[in-house]
Amino acid sequence: MKNSIGAGLILTLSGESHGDMICAVLDGLAPGIAVDEDFIASQLSRRRPSGPLDTARREKDDFRIVSGVFEGHTTGAPLTILIPNGDVRSSDYDRFHGLPRPSHADYAAHVRYAGYEDWRGGGHFSGRITVGIVAAGAIVLKALERKGIRIGTHILELSGIRDRDFEVLDDGILGEQIKSVNAMDFPVLSDVRGAMEEKILGAKADGDSVGGIVQTAVSGLPAGVGDPWFDSLEGAIANAVFSIGGIKGVEFGSGFALAGMRGSEAADEFFLEDDTVRTSSNHNGGINGGISNGMPVVFNAAVKPTPSISRPLGTVDLIGGGPAVLKVSGRHDPAIVRRICIVISSMTAIVIGDRLSLRFGTDYLR
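Residues numbered from 1 in each chain as written. Predicted model: local features only at pLDDT ≥ 70, side-chain atom pairs only at ≥ 80, totals over all residues. Heavy atoms only, no water.

(A) View of the overall build of the protein. A tally of regular secondary structure across the protein gives eight helices and 18 strands. Rg of the C-alpha trace for the protein: 21 Å, near the compact-globule value of 21 Å for 366 residues, within the 12% margin. Overall, the protein is about 70 × 50 × 35 Å in size when its C-alpha atoms are taken along their principal axes. A buried classification covers 50% of the 366 residues belonging to the protein. (Helix = DSSP H or I, 4+ residues; strand = E, 2+ residues; numbered from the N terminus. Rg over C-alpha atoms; globule rule 2.2 N^0.38 Å. Buried < 20%, exposed > 50% of the residue type's maximum accessible area, 1.4 Å probe, protein only.)

Structure representation (structure tokens):
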């Protein structure tokens with residue numbers, strides 16, 4: 001089981017949904033980076049459930065930084081964050097033991113780990129583990145912001161309701177849009193929140209769930225970051241985003257729509273603006289040959305509907321044998337699309353921080 005990602009800046013995660021705590025370790029941070037614990041707390045609050053649109057599980061996320069920070073700055077040693085689990089109800093899962101929940105990792109994990117996995121609430125495969133990504137990512141997001149690099153994610157589509165895209169060809173507008181969605185508890189760019197919330201609550205009333213598409217933009221990333229072929233910037237971001245449970249598709253720039261264009265339509269023509277090379281469109285999402293070209297990096301991620309629903313679904317009994325029917329009870333999100341936005345921004349920040357460290361050295365973020 002590989003629980004670490006990165007080469008220059010490395011994130012390691014540990015913990016289970018119903019274990020004592022979640023742990024995130026950032027190794028490779030330069031010494032002297034300011035650590036704002038109030039900002040970490042605010043980022044965690046954006047991930048935290050907050051109402052009828054989310055799970056009823058309410059964790060305080062009272063994190064503790066136990067190494068790697070002294071007098072408000074990183075020391076250069078591994079930075080370790082602990083986030084206790086408090087609001088657990090493991091008894092909710094007793095009757096699920098041996099009955100893998102459809103579209104969850106239960107069966108695959110049971111086979112891979114020979115039945116020794118912690119199955120309560122999904123164990124190490126639970127979305128609860130993403131709290132560590134957000135806590136660690138907050139430190140990197142703030143460091144990137146000081147370098148003029150901003151990252152934001154909004155809900156582009158939910159159950160057929162579509163928000164407008166980021167305006168990526170104007171750095172000023174994009175920067176303001178990123179700041180705007182980063183200040184929202186329900187990040188959208190247009191007046192679609194009410195319609196999206198109705199879709200979520202409607203699915204919840206039916207004992208069902210909905211998915212969607214989220215869009216992420218990275219503004220201010222210099223050209224020349226990344227490598228060709230097997231260490232491409234696209235590959236690194238996609239690898240990290242796909243590690244987040246519920247993500248089933250990633251496309252950069254115009255993505256699959258490029259397949260229907262002619263070359264003349266898809267060409268991002270170059271021009272000079274105040275001695276800076278820019279492109280007249282951004283169909284390639286700010287990346288050519290696996291390397292950033294100085295335009296905003298933009299990608300969309302498909303989020304599947306939450307697999308835990310209170311409708312009867314077919315499964316198998318791994319203990320007694322034979323077919324079974326499972327109706328999931330307990331506390332679950334009717335949609336994870338809102339809460340996953342900050343997770344993707346945080347994960348993207350860690351990848352960007354890693355690639356910048358490889359390109360310019362680890363002191364770049366100081």
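Let us keep going from here.
(B) Seen up close, empty space enclosed by the protein. Tallying each qualifying case throughout the model produces three cavities of 30 Å³ or more. Taken as a whole, the largest cavity holds about 60 Å³ of empty space. In this structure, the largest cavity is lined by A105, D106, A109, E117, D118, W119, G122 and F125. Taken together, the residues that form the lining of the largest cavity break down as four nonpolar, one polar and three charged. (1 Å grid on protein atoms, 1.4 Å probe; cavity = no way out; pocket = protein on both sides within 12 Å on 5 of 7 lines; lining within 4 Å. Points joined across faces, edges and corners; volume = space filled by probe spheres on them. Nonpolar A, V, L, I, M, F, W, Y, C, P; charged D, E, K, R; others polar.)

(C) Seen up close, the side chain of S232. Mapped onto the fold, S232 is located in the loop between β10 (212–219) and α6 (233–242). Take S232: its relative accessible area is 13%, and that puts it in the buried class. Aside from chain neighbours lying at most four places away, what touches S232 is D227 and G290. (Contact = heavy atoms within 4.5 Å.)

(D) Representation of the packing of aromatic side chains. For the structure on display, the rule yields four aromatic pairs. Aromatic side chains F360 and Y364 sit 5.0 Å apart centroid to centroid with 20 degrees between the ring planes, which places their arrangement in the stacked category. The partly exposed category is assigned to F360, whose relative accessible area is 38%. Judged by its relative accessible area of 18%, Y364 falls in the buried class. The ring of F39 has K142 lying over it, and the distance from NZ or CZ to the ring centre is 4.5 Å. Cation over ring: K147 sits above Y364, and NZ or CZ is 4.3 Å from the ring centre. (Phe/Tyr/Trp six-rings, centres within 6.5 Å; stacked < 30°, edge-to-face > 60°. Lys NZ or Arg CZ within 6 Å of the ring centre and 35° of its normal.)

(E) Up close: the pattern of salt bridges. In this structure the tally under the stated criterion is 16 salt bridges. A salt bridge links K179 to E176; the shortest N-O distance between them is 3.7 Å. Placement of both K179 and E176 in helix α4 (residues 171–182) is noted, with a separation of three residues, approximately one turn of the helix. The class of K179 is partly exposed, set by a relative accessible area of 40%. Given a relative accessible area of 48%, E176 falls into the partly exposed group. Salt bridges linked by common partners bring R48, D61 and R128 together as one network. (Salt bridge = Lys/Arg side-chain N within 4 Å of Asp/Glu carboxyl O.)

(F) How the structure looks around the sheet that holds strand β11 (residues 247–252). If you walk across this open sheet you meet the five strands as β9-β8-β10-β16-β11, and the pairing is antiparallel. The open sheet has two edge strands with one neighbour each: β9 (161–162) and β11. Sheet topology places β11 next to strand β16 (residues 297–303); five bridges connect them, and they run antiparallel. From the neighbouring strand, V250 faces β16, where its bridge partner is A301. Of the strands in this sheet, β8 (150–158) and β9 are in contact with helix α5 (residues 193–205), which crosses β8 at around 60 degrees. On the sheet, helix α8 (residues 337–360) packs against β8, β10, β11 and β16 and is oriented at approximately 145 degrees with respect to β8. (Pairing = 2+ DSSP bridges. Axes fitted to C-alpha atoms, helices over the stretch in contact; angles between N-to-C directions.)

(G) Inspection of helix α3 (residues 130–146) at higher detail. Here α3 is 17 residues long and its end C-alpha atoms lie 24 Å apart, about the 24 Å a rise of 1.5 Å per residue gives. Counting buried residues along α3, 14 of its 17 residues qualify, which places the element largely inside the surrounding structure. Looking one or two places after α3, you find G148, whose phi comes out positive at around 85 degrees. (Expected span 1.5 Å × (residues − 1).)

(H) Region of the structure containing the pairing of β10. β10 sits mainly inside the fold: seven of its eight residues count as buried. Two strands pair when backbone bridges link them, and β8 and β10 are joined in this way by eight bridges, in the antiparallel orientation. Pairing of T153 across the sheet is with T216, part of β10. Taken together, the seven bridges between β10 and β16 define a ladder with antiparallel strand orientation. When the sheet's bridge partners are listed, T216 is paired in β16 with F299.

On their own, these measurements won't tell you what the molecule is for.
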